Structures are given as C-alpha cells and as structure tokens.
Amino acid sequence: MTTRGFVVSHAEGAHFERGLRSFFEYRDLGIRQATDGRVVAHVIRAAAGTDFSSQPHLHETSFQLVYVLKGWVEFEYEGQGRVRLSAGSCVHQPPRIRHREIGHSADLELLEIVMPADFATMEVDGVPAAGALPQDRSTSAA
C-alpha cells in the first residue's frame, strides 16, 4: 500500500487566485502535485468587480471536464452552438474543441478537471457552427 500522491483540500480557509481568465478566480485542489502533473483540478468562481471578455480559443488537452457547482455559465462550442450549463450540469470538452464563453452568473462556481496539468491555450478566429469544419482540421475519420 502507498500513500504517495494522497491529498486533501478543504473549502474552509481555501485560497483563490486569478489565473488563465481575469474574470475568474481559481482554487487549486492539489491534484497537479499529487499526480506529478498528469492532472489538474480546480474550483473556478466568478471574480467580483471584473469585466467579462472572452475570445474564441481551444486547449491542447487529452481530457477536460467541467461540472457546475453553483450558478450558470453559457458557452458556444464548435459544431454544437450555445450550451447553457447550470448547477449540476457537466460537460466533457473534447481535445482542441473551439469554444468561447458567452457569459456567467455572478455566483458561478465550477469544478474543472484537465489532463495534462500543463496545457496550452490558443486563441482562434472563431467558433464554427454546426456542420462547419475549421480550415486546420482534417475531415478524415480516425
């Protein structure tokens, strides 16, 4: 039996800091260190008093899951259109899916789990509508 990588994170006294998006605050759950960088998990909440601005982008990931704990958030996803998530909603964002946030409630809190922990984010020109493929995507089946 091993205890290597065991981590506990409690909400009481938790520290949030600004991160990838200036209009969000992030609480690291310690999973990055526990998994030697294979996975990152954090609670994200709306940052009070900040202006919202979201550009279309994609993430270089192998896995990304978002679960809404409180409030709501609305995204536009490549090939899917607008998707509104509220408390209890969950979305798996496939690797490199183009998306952008449309808006969120002032009380938004969500859990995000991503593999790998250190992933790149790239801005893109837009979010293609359903049935459209971006120019840099292959149309061949895997």
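Cut-offs used in this document
- Here, residues in each chain are numbered from 1, in the same order as that chain's written sequence.
- Reporting of local features is limited, given that this is a predicted model, to residues whose pLDDT is at least 70; pairs of side-chain atoms are given and counted only at 80 or more, and all residues count toward the totals for whole chains, interfaces and linings.
- For the side-chain quantities, the full set of heavy atoms in the structure was used; hydrogens and water were omitted.
- What makes two strands pair is DSSP finding at least two bridges between them.
- Only runs of H or I of at least four residues qualify as helices and only runs of E of at least two qualify as strands under DSSP, and these elements are numbered from the N terminus.
- Exposure classes here rest on a 1.4 Å probe applied to the protein chains alone. A residue is buried below 20% of its type maximum, exposed above 50%, and partly exposed in between.
- Here a residue-residue contact requires only that any non-hydrogen atoms of the pair lie within 4.5 Å.
- Centres within 6.5 Å are what make two rings of Phe, Tyr or Trp a pair, Trp counting through its six-membered ring; a difference in plane orientation under 30 degrees is then read as stacked, over 60 as edge-to-face, and the rest as tilted.
- In our convention, an over-ring charge means Lys NZ or Arg CZ found within 6 Å of a ring centre and within 35 degrees of that ring's normal.
- We count a salt bridge whenever a side-chain nitrogen from Lys or Arg sits within 4 Å of a carboxyl oxygen from Asp or Glu.

Asks: With reference to specific residues and values, describe the pairing of strand E5 (residues 63–70).
Replies: Within a regular strand, side chains alternate between the sheet's two faces. Direction of pairing for E5 relative to strand E10 (residues 109–115): antiparallel, over a ladder of seven bridges. From the neighbouring strand, glutamine 64 faces E10, where its bridge partner is valine 114. Two strands pair when backbone bridges link them, and E5 and strand E8 (residues 90–92) are joined in this way by three bridges, in the antiparallel orientation. Across the sheet, residue tyrosine 67 finds its bridge partner in E8, namely cysteine 90.

Asks: Tell me about the sheet that holds E10, and please be specific about residues and values.
Replies: Pairing in this open sheet of six strands is antiparallel, and the strands run E1-E2-E3-E10-E5-E8 from one edge to the other. The strands lining the two open edges of the sheet, one partner per strand, are strand E1 (17–18) and E8. For strand E3 (residues 40–46) and E10, the ladder comprises six bridges, and the chain directions are antiparallel. Looking at the pairing, isoleucine 44 lines up with leucine 110 of E10.

Asks: Give a detailed account of the environment of glutamate 74, specifying residues and quantitative values.
Replies: Mapped onto the secondary structure, glutamate 74 falls in strand E6 (residues 72–77). Classification of glutamate 74 by relative accessible area gives buried; the value is 13%. Sequence separation between glutamate 74 and isoleucine 102 is 28 residues, and the spatial gap between their C-alpha atoms is 5.3 Å. When residues no more than four places from it in sequence are discounted, the contact partners of glutamate 74 are Arg82, Val83, Arg84, Arg100, Glu101, Ile102 and Gly103.

Asks: So what about unusual backbone geometry? Which residues, and what values?
Replies: Cis geometry is found at the peptide bond from methionine 115 to proline 116, where omega equals -10 degrees. Assignment of secondary structure puts proline 116 in the loop between E10 and strand E11 (120–123). Positive phi, normally seen in glycine, also occurs at aspartate 36, with a value near 55 degrees. Along the chain, aspartate 36 falls in the loop between helix H1 (31–34) and E3. Here aspartate 36 falls in the partly exposed class, since its relative accessible area comes to 49%.

Asks: Run through the packing of aromatic side chains, naming residues and quoting values.
Replies: Under the criterion given, the structure shown has two aromatic pairs. A centroid spacing of 4.8 Å and a plane angle of 65 degrees characterise the contact between phenylalanine 23 and phenylalanine 24, whose relative ring orientation is edge-to-face. On the basis of relative accessibility, which here comes to 3%, the residue phenylalanine 23 falls in the buried class. Phenylalanine 24 sits in the buried class, given a relative accessible area of 7%. For the ring pair phenylalanine 75 and tyrosine 77, a centre distance of 5.4 Å and an interplane angle of 35 degrees mean the geometry is tilted. In this structure tyrosine 77 comes out as buried when scored by relative accessible area, which is 4%. Looking at arginine 84, its charged tip hangs above the ring of tryptophan 72, at a distance of 3.7 Å from the centre.

Asks: Let's hear about the pattern of salt bridges: which residues, and what values?
Replies: The final tally for this structure, using the stated rule, is seven salt bridges. For the salt bridge of glutamate 25 with arginine 45, the shortest nitrogen-to-oxygen distance reads 2.7 Å. Highlighted residues: glutamate 25 in strand E2 (residues 24–28) and arginine 45 in strand E3, separated in sequence by 20 residues. We note a salt bridge from arginine 100 to glutamate 76, for which the minimum N-O separation is 2.7 Å. Separated by 24 residues along the polypeptide, arginine 100 in strand E9 (residues 99–104) and glutamate 76 in strand E6 bring together distant segments of the chain. Given a relative accessible area of 26%, arginine 100 falls into the partly exposed group. It is possible to trace a salt-bridge network through shared partners that takes in Glu74, Arg82 and Arg84.

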